[in-house]
Amino acid sequence: MRPFSYARARTEQDAFSTLAQTARGAYLAGGTNLIDLIKLEVAKPDAVIDINALPLAAIETTPSGELRIGALARMSDTADHPALRSAAPAISQALNLSASAQLRNMATIGGNVLQRTRCVYFRDISQPCNKRRPGSGCSAIGGDDRKMAILGANDRCIAVHPSDFAVAMLLVDATIHLRGPAGERTVPFLGFHRLPDDPSRDTNIQPGELITALTFMPSALTRSSTYIKVRDRASYEFALVSVAAALEVTGGTIRDARIGLGGVAHAPWRSREAEAVLIGKVPSRDLFTAAAEAGLQAAVPQRLNRFKIRMAKNAMIRALTSVGMPA
Amino acid sequence: MIGAPLARVDGRAKVTGAARYSYEEQPAHVAYAVIVTSTIAVGRIASIDGTEALSRRGVLAVLTHDNAPRVRQDAASPGDRKLRLLQDDRVLYDRQPVALVVAESFEVATEAAARVRVTYAAETPATTMNAPGAVTYEPPEANQNPADSARGSFDSAFAAAPVRIDQTYVTPTEFHNPMEPHATTAAWDGNRLTLYDASQGVFDRRKSIAAIFGLPESGVRVVTKFVGGGFGSKGGTNAHTALAAMAARLVGRPVKIVLTRPDMFGGHGYRPRTEQHLRIGADTSGRLLALAHDVRSQASRFENFIENSAVISRMLYAVPNQVTTHRGVRYDVATPTFMRAPGESSGSFALESAMDELAYATGVDPLALRLLNYTETDPDQHGKPFSSKSLRRCYAEGAARFGWSQRPPQVRATRTADGLLVGYGMASSTYPANRSSSAAMATVHSDGSAYVTSGACDIGTGAYTAFTQIAAEALGIDVAHVRFDLGDTLMPEAARAGGSQQTASVANAVHLAGIAVRDKLAAAAVADAASPLHGRRLDDMTFARGRIALRERPELGETYVAILQRAGVSSMSAFAEAKHDRRVKGPYSTHAFGAHFAEVHVDPDFGTVRLARMVSAFAAGRIVNSRMARSQYMGGVVWGVSMALHEEGRIDERSGRYMNANLENYLVPVNADIPEIDIVLVDEEDPHVNPLGIKGIGEIGIVGMNAAVANAVFHATEKRVRDLPIRPEKLL
């Protein structure tokens, strides 16, 4: 760990102006990822600006009926929020399957979306890594790649995004609210996380910007959703693969579908291929199997993780069965 | 008092934080040291520059091989250690110490350590057993056992056997990871050194450190009051302990060092990877005719530790024709060491998996197969009788509690309502009942209290409590008035907390010391005309609640307090030693035994295995404290599950670096992985093993549990996993 200065921001403007005075300042929310990375010297901020005092922790239903999750809402408060649980059960489930109770009590929703990969080569500064040091190479390729990506990877980076929550958020067409020195903007959640064209960039957030909230409009689709997480042990571990699925079934036909995959790519992975197979069809085991095949069609395994393809397909079939053909 | 489920006497101190662990010692003017470790597995330090580190405010010293004081780095024991103590530029393993930064605070030392600039002339490491450059060798011994053994004629018996199993089983490199990382606080007073060290044996540590620094043993005091788990990793002396002493001498102040979690995957040892070739020949009824167990054990280039995996196969079953061998395979890794049930835990996976394979091959129930091959005598010691063996009752009581008779013989035959595959598995367990010489001192004070000491270590097992009970019973004083203290080389010398031997070794010494002081008190009363016991015979007396009385006339007697007060002394003490030479083989073979039964549920879509039920039954002679014994067994069982499903050091075969050097990626079970564990304590009286009839229980809990789980997985899935851990991909 390198020495850094610490400041507590009272307002957003305060945070922006304090950050502007630093060379490599970083915002601190729950700290469950940043502090780790500082200790490992993966992150080397010269200043840490604590934003926990900003009024961004509310979870509320807006007058228009949207659900709004403040960026500083803790994972645990979000998971247990009754409005969220009925609006999108998959999000609630994904949060409760994340980390540990202690971590969920600290970690924030905004921080969760921005958390960095758990790739062991990224987190060990003795190893080359294009994400940490662009151009130095990817040590995960040809190394211990069991947990690495099977979709959307390239020869620069095969790391995966660790968040469960972000995978479930793919189901609800969410909007990310950002505010920075240059003002406010909104971006769709989908597309916020990047594939590793430039591995040093995880997301499209701009320097100095803060996530202030995530919003989405609950619908019949989002209310009929579920999240399945597969891992080596029963709890307290990141996903080997995970699937978030939402189906809107009326009159025995699938009107709309959303499929998200976790643990498989540099970003939470929306499978439009699987969705396309489902929409307009009658739910059946065969249909779900076909969707899973389509969803993993493009998968390219690493040396040690071919199993993830089958595991992801089976997880997708199970998730779809659970929302589409409940027992 | 012996056998009672007494709560831990140190429990309150532990939960309130009053218990002081080695790193929590805070001598005046203490400084903090942080180790810089190598990032290559083999090569040479080309350059090392501590200038920037030294320039940080608060940094007192930067030690490298260029400036470190010269010491004897090949002098440590036990385990034939050759430590890496900044004496030369060679790097022999990943995370080897290459520099040490001493500073006013831990934080400054940590930051400065990251500023030490090291460049390496790296060589290409051999990182697997089969890599070019890996060298197989015949070890002089296998962890204090003969490396090889033979009886009968294996080759012809195996060739003629109608049923043959011929398989190779693999256990991975595993790291101990006790919750308390290794830690040392070192303080010099002139030429005398005091070490507060997280250790499993203060006398071993004293001997090693004295030899490294060329000091007389009397010049070194080692104190170990509390240890947050050792599991073998704190048995041998490791580099950080010597480096703390080296740094303290150099800066002229006390120095403390604690390892980081990634450091815990470095040079203090680990369970080596094993590749075990098992060949079993049997007749069609399942009776064993021949068994060969050939072990290849991961080894370092520079030391000789070998995992003695085949030792269990020499004695567990009646096999007339047998051969076992151990070979080391040297490559560019740190040296392995003892890790909970070294040998038996990895070896039982191979043996008990192979026995399960034989059960399916012959159609004999796995439990019936073990009973068919039961041996009442030790085939490894020419048929010597066991001092006691209650394995039949472990099988019977465990099987009854588990409902083994309900097991369907077919594989993949049962599912839960959720569609999970259900499997039952079992395995036998055993561990030698060892013992070493130990001594103790007991004192009874004129206020009726007692103080008893022995230089043992409590590594979390409950030694404080167990020895308090032993002392209380011997002294005839209630446990509430007995204080037992340990963990200091100023105390009588005791066996180390390792090899499941400490309780049996030290208890016998504590018992003798208690009896001796009690008898002294009685003798004083007998000799004193003013005593109601004057002129009475010792044999006619009983000792209880701090009072001596005549057995036949309990109202006739007096208290220890009265005897001491009348004698005008503040206390009486006695020293006693319970001698035992491990090299001298007695008339009996001494082992504890047990049996595990496990039910697993396997998700056929994901290959994930979860334990549903576990029943484990053990017979280990006299149990000193049933509550702590149960906990000890449970810990072993959990670790067996961990070994079966979770633990694995994952080496990057290009660099030789273990890449999962943290508790995020080095998996152990969490609470959600472990259902209720049903431990059955099978009563056993052993009049031969030692005077108190105690067998150790530290290791046996883990032995065989990995195989019980793997066997249950086979029953559930029809998939035989012969290389641990059983990851989902091996079942998909």
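Data block above holds the structure.
Here is a short report on the structure shown in this document. Just so we're clear, the structure is a prediction, and the values are computed from it rather than from any experiment.

### Considering the overall build of chain B
Step number 1: Along chain B, the regular secondary structure elements total 15 helices and 32 strands.
Step number 2: Relative to the compact-globule value of 27 Å for 732 residues, chain B shows a C-alpha radius of gyration of 27 Å, a close match.
Step number 3: Seen through its principal axes, chain B has C-alpha atoms that stretch 80 × 70 × 50 Å.
Step number 4: Taking all 732 residues of chain B together, 63% fall into the buried category.
Step number 5: The long-range share in chain B, meaning contacts at least 24 apart out of those at least 6 apart in sequence, stands at 80%.
Step number 6: When the accessible area of chain B is evaluated, it comes to approximately 25,400 Å², of which 51% is carbon and sulfur surface.
Step number 7: Within chain B, one finds 78 positive and 78 negative side-chain charges whose respective centroids are separated by 2 Å.

### Brief notes about the packing of helix α8 (residues 344-362) of chain B against helix α15 (residues 705-717) of chain B
Residue and element names in this part refer to chain B.
Step number 1: It is the contact of α8 with α15, at a shortest axis distance of 8 Å, that shows an interaxial angle of 30°. Classed by the angle they form, the pair α8 and α15 counts as roughly parallel. Handedness of the crossing formed by α8 with α15: right-handed. For the pair formed by α8 and α15, the contact residues are Ser 345, Ser 348, Phe 349, Glu 352, Ser 353, Asp 356 and Tyr 360 on the first element and Asn 706, Ala 707, Ala 710, Asn 711, Phe 714 and His 715 on the second.
Step number 2: Of the residues contributing to the contact of α8 with α15, the split by class is five nonpolar, six polar and two charged.

### Some points on the state of the cysteines
All names here are of chain A.
Step number 1: Taken as a whole and judged by the stated rule, the model has zero disulfides over all chains.
Step number 2: Between Cys 119, a free cysteine, and Cys 129, which holds the nearest cysteine sulfur, the sulfur-to-sulfur gap is 6.1 Å.
Step number 3: Overall, Cys 119 belongs to the buried group, its relative accessible area being 9%.
Step number 4: Between Cys 138, a free cysteine, and Cys 157, which holds the nearest cysteine sulfur, the sulfur-to-sulfur gap is 5.7 Å.

### Remarks on a nonpolar patch on the surface
Step number 1: A cluster of nonpolar residues, Met 1, Phe 4 and Tyr 6 of chain A, forms a patch on the protein surface that exposes about 260 Å² of accessible area.
Step number 2: Classification of Met 1 of chain A by relative accessible area gives partly exposed; the value is 32%.

### A short note on the interface of chain A and chain B
Step number 1: Between chain A and chain B, the residue contacts involve 36 residues of the former and 28 residues of the latter.
Step number 2: Both faces combined, the contact of chain A with chain B buries some 2,800 Å², and carbon together with sulfur accounts for 50% of it.
Step number 3: Applying the counting criterion to the chain A and chain B interface returns seven salt bridges.
Step number 4: Residue Asp 605 of chain B is joined to Arg 318 of chain A by a salt bridge in which the shortest nitrogen-to-oxygen separation is 2.9 Å.
Step number 5: Viewed at the interface, chain B and chain A are joined by 18 residue pairs in polar contact (both at pLDDT 80 or more).
Step number 6: Elements supplying a minimum of two residues to the side of chain A that touches chain B: β9 (225-230) and α12 (307-324) of chain A.

### Quick notes on empty space enclosed by the protein
Step number 1: All told, the structure shown has nine cavities of 30 Å³ or more when counted by the stated rule.
Step number 2: By volume, the largest cavity amounts to about 370 Å³.
Step number 3: Contributing to the lining of the largest cavity are 28 residues, with Arg 118, Val 120 and Lys 147 of chain A together with Glu 664 and Asn 665 of chain B lying nearest its centre.
Step number 4: Computed from the structure, the second largest cavity encloses a volume of approximately 130 Å³.
Step number 5: What lines the second largest cavity is a set of 13 residues, and nearest its centre among them are Pro 97, Leu 259, Asp 263, Gly 267 and His 268 of chain B.
Step number 6: Put simply, the parts of the chain that give the lining of the second largest cavity at least two residues each are β1 (31-37) and α6 (239-251) of chain B.
Step number 7: Across the lining of the second largest cavity, the residue classes break down as five nonpolar, six polar and two charged.

### So, the packing of aromatic side chains
Residues and elements named next belong to chain B.
Step number 1: If you walk through the whole model with that rule in mind, you get 23 aromatic pairs over all chains.
Step number 2: Arranged with centres 5.0 Å apart and planes meeting at 75°, the rings of Phe 175 and Tyr 658 form a pair that is edge-to-face. Here Phe 175, found in the loop between β9 (163-171) and β10 (183-189), pairs with Tyr 658, found in strand β31 (residues 657-658); they are 483 residues apart in sequence, far enough to count as distant.
Step number 3: For the pair Tyr 360 and Phe 714, a centre-to-centre distance of 4.7 Å together with 65° between the ring planes defines the contact as edge-to-face. Placement of the pair is Tyr 360 in helix α8 and Phe 714 in helix α15, with a sequence separation of 354 residues.
Step number 4: On the accessibility criterion, Phe 714 (13% relative accessible area) is buried.
Step number 5: Aromatic rings pair up to connect Phe 175, Phe 265, Tyr 270, Tyr 658 and Tyr 666 into one cluster.
Step number 6: Residue placement shows Arg 330 over the ring face of Tyr 137; its charged tip is 3.7 Å from the ring centre.

### Regarding α8 of chain B
All names here are of chain B.
Step number 1: For α8, which comprises 19 residues, the first-to-last C-alpha distance of 26 Å matches the rise-based estimate of 27 Å (1.5 Å per residue) to within 8%.
Step number 2: The element α8 is extensively covered by neighbouring structure, given that 17 of its 19 residues are classed as buried.
Step number 3: In the stretch just after α8, Gly 363 is the one whose phi turns positive, near 75°.

### Some points on the side chain of Arg 407 of chain B
All names here are of chain B.
Step number 1: With respect to the helices, strands and loops of the structure, Arg 407 is situated in the loop between α10 (391-402) and β19 (414-415).
Step number 2: Given the relative accessible area of 10%, Arg 407 is considered buried.
Step number 3: Among the polar contacts listed, one links the side chain of Arg 407 to the side chain of Tyr 360, at a separation of 2.9 Å.
Step number 4: Residues within four places of Arg 407 in sequence aside, it is in contact with Tyr 360, Asp 365, Pro 366, Tyr 424 and His 715.

### Observations regarding the sheet that holds strand β2 (residues 25-28) of chain A
Residues and elements named next belong to chain A.
Step number 1: Spatial ordering of the open sheet is given by β1-β3-β2, a layout of three strands whose pairing is parallel. The sheet is open, and its two borders are formed by β1 (5-8) and β2, each paired with just one other strand. Going from strand to strand, the sheet's axes swing by 25° on average, the running direction of each strand aside.
Step number 2: Inspection of the sheet shows β1 paired to strand β3 (residues 47-50) by four bridges, in the parallel sense. Of the residues in β3, the one forming a bridge with Ala 7 is Ile 49.
Step number 3: Taken strand by strand, helix α1 (residues 12-20) contacts β1, β2 and β3, and its axis lies near 150° from that of β2.

What counts, and at which threshold
- Residues numbered from 1 in each chain as written.
- Chains lettered and ligands numbered in written order.
- Predicted model: local features only at pLDDT ≥ 70, side-chain atom pairs only at ≥ 80, totals over all residues.
- Heavy atoms only, no water.
- Helix = DSSP H or I, 4+ residues; strand = E, 2+ residues; numbered from the N terminus.
- Rg over C-alpha atoms; globule rule 2.2 N^0.38 Å.
- Buried < 20%, exposed > 50% of the residue type's maximum accessible area, 1.4 Å probe, protein only.
- Contact = heavy atoms within 4.5 Å.
- Areas by Shrake-Rupley, 256 points an atom, 1.4 Å probe, with all protein chains shown as cover.
- Lys, Arg positive; Asp, Glu negative; His and termini not counted.
- Charge placed at Lys NZ, Arg CZ, Asp CG, Glu CD.
- Axes fitted to C-alpha atoms, helices over the stretch in contact; angles between N-to-C directions.
- Parallel < 35°, antiparallel > 145°, perpendicular 65-115°, else oblique.
- Left-handed = near helix turned anticlockwise from the far one by under 90°.
- Nonpolar A, V, L, I, M, F, W, Y, C, P; charged D, E, K, R; others polar.
- Disulfide = S-S within 2.5 Å.
- Patch = residues over 30% accessible without salt bridge, like charges linked within 9 Å, V, L, I, M, F, W, Y side chains within 5 Å.
- Salt bridge = Lys/Arg side-chain N within 4 Å of Asp/Glu carboxyl O.
- Buried area = accessible area lost by both parts, 1.4 Å probe.
- Polar contact = N/O pair within 3.5 Å; in protein donor to acceptor, adjacent residues only side chain to side chain.
- 1 Å grid on protein atoms, 1.4 Å probe; cavity = no way out; pocket = protein on both sides within 12 Å on 5 of 7 lines; lining within 4 Å.
- Points joined across faces, edges and corners; volume = space filled by probe spheres on them.
- Phe/Tyr/Trp six-rings, centres within 6.5 Å; stacked < 30°, edge-to-face > 60°.
- Lys NZ or Arg CZ within 6 Å of the ring centre and 35° of its normal.
- Expected span 1.5 Å × (residues − 1).
- Pairing = 2+ DSSP bridges.

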